[in-house]
Amino acid sequence: MGKPVNLNRYRKEKARAEKKARADRNAVTFGRTKAEKDLDKARNAHEIKRLDEHKRDE
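Residues numbered from 1 in each chain as written. Predicted model: local features only at pLDDT ≥ 70, side-chain atom pairs only at ≥ 80, totals over all residues. Heavy atoms only, no water.

Under an unreviewed UniProt entry, the name given to the chain is DUF4169 family protein, and the organism recorded is Leisingera caerulea.

On to the overall build of the chain, then. Along the chain, the regular secondary structure elements total 2 helices and 0 strands. For the chain, the C-alpha radius of gyration of 24 Å lies well beyond 10 Å, the compact-globule estimate for 58 residues. With the C-alpha coordinates aligned to their principal axes, the bounding extent of the chain is approximately 80 × 30 × 15 Å. For the chain, buried positions account for 0% of its 58 residues. Summed over its atoms, the accessible surface of the chain is roughly 6300 Å², and 54% of this surface lies on carbon and sulfur atoms. Positive and negative side-chain charges in the chain, numbering 19 and 11 respectively, have mean positions lying 14 Å apart. (Helix = DSSP H or I, 4+ residues; strand = E, 2+ residues; numbered from the N terminus. Rg over C-alpha atoms; globule rule 2.2 N^0.38 Å. Buried < 20%, exposed > 50% of the residue type's maximum accessible area, 1.4 Å probe, protein only. Areas by Shrake-Rupley, 256 points an atom, 1.4 Å probe, with all protein chains shown as cover. Lys, Arg positive; Asp, Glu negative; His and termini not counted. Charge placed at Lys NZ, Arg CZ, Asp CG, Glu CD.)

A full pass over the atoms with the stated rule returns 4 salt bridges. For Asp24, the salt bridge is made with Lys20, and the minimal N-O distance between the two is 3.4 Å. With Asp24 and Lys20 both in helix 1 (residues 7–30) and 4 residues apart, the pair spans about one turn of that helix. Taking the shortest distance from any N to any O, the salt bridge between Asp40 and Arg32 comes out at 2.2 Å. A residue is classified by how much of its surface remains accessible, and Arg32, at 36% relative accessible area, is partly exposed. (Salt bridge = Lys/Arg side-chain N within 4 Å of Asp/Glu carboxyl O.)

Attention now goes to a nonpolar patch on the surface. On the surface, Val5, Leu7 and Tyr10 cluster together to form a nonpolar patch covering roughly 370 Å² of accessible area. Relative to the elements of secondary structure, Tyr10 occurs in helix 1. (Patch = residues over 30% accessible without salt bridge, like charges linked within 9 Å, V, L, I, M, F, W, Y side chains within 5 Å.)

Right, let's get into helix 1. Taking 1.5 Å per residue, 24 residues should reach 34 Å; helix 1 reaches 34 Å between its end C-alpha atoms and fits that length. If you check the start of helix 1, you find a side-chain oxygen 3.1 Å away from the backbone N of Asn8, and it comes from Asn6. (Expected span 1.5 Å × (residues − 1). Polar contact = N/O pair within 3.5 Å; in protein donor to acceptor, adjacent residues only side chain to side chain.)

Written as structure tokens, this is what we have:
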């Protein structure tokens, strides 16, 4: 016969692993500095302005 398994421990370890995976995904998605966010915002604004300047009036 095999060794008894503590199901509560298994359940808690699984929950911890899922939390850690979710935290890692969020760190990649949202983990940026303020300078990086400001740079992206400026680049996006510049691109929008550039595209608007090329619109045709009808």
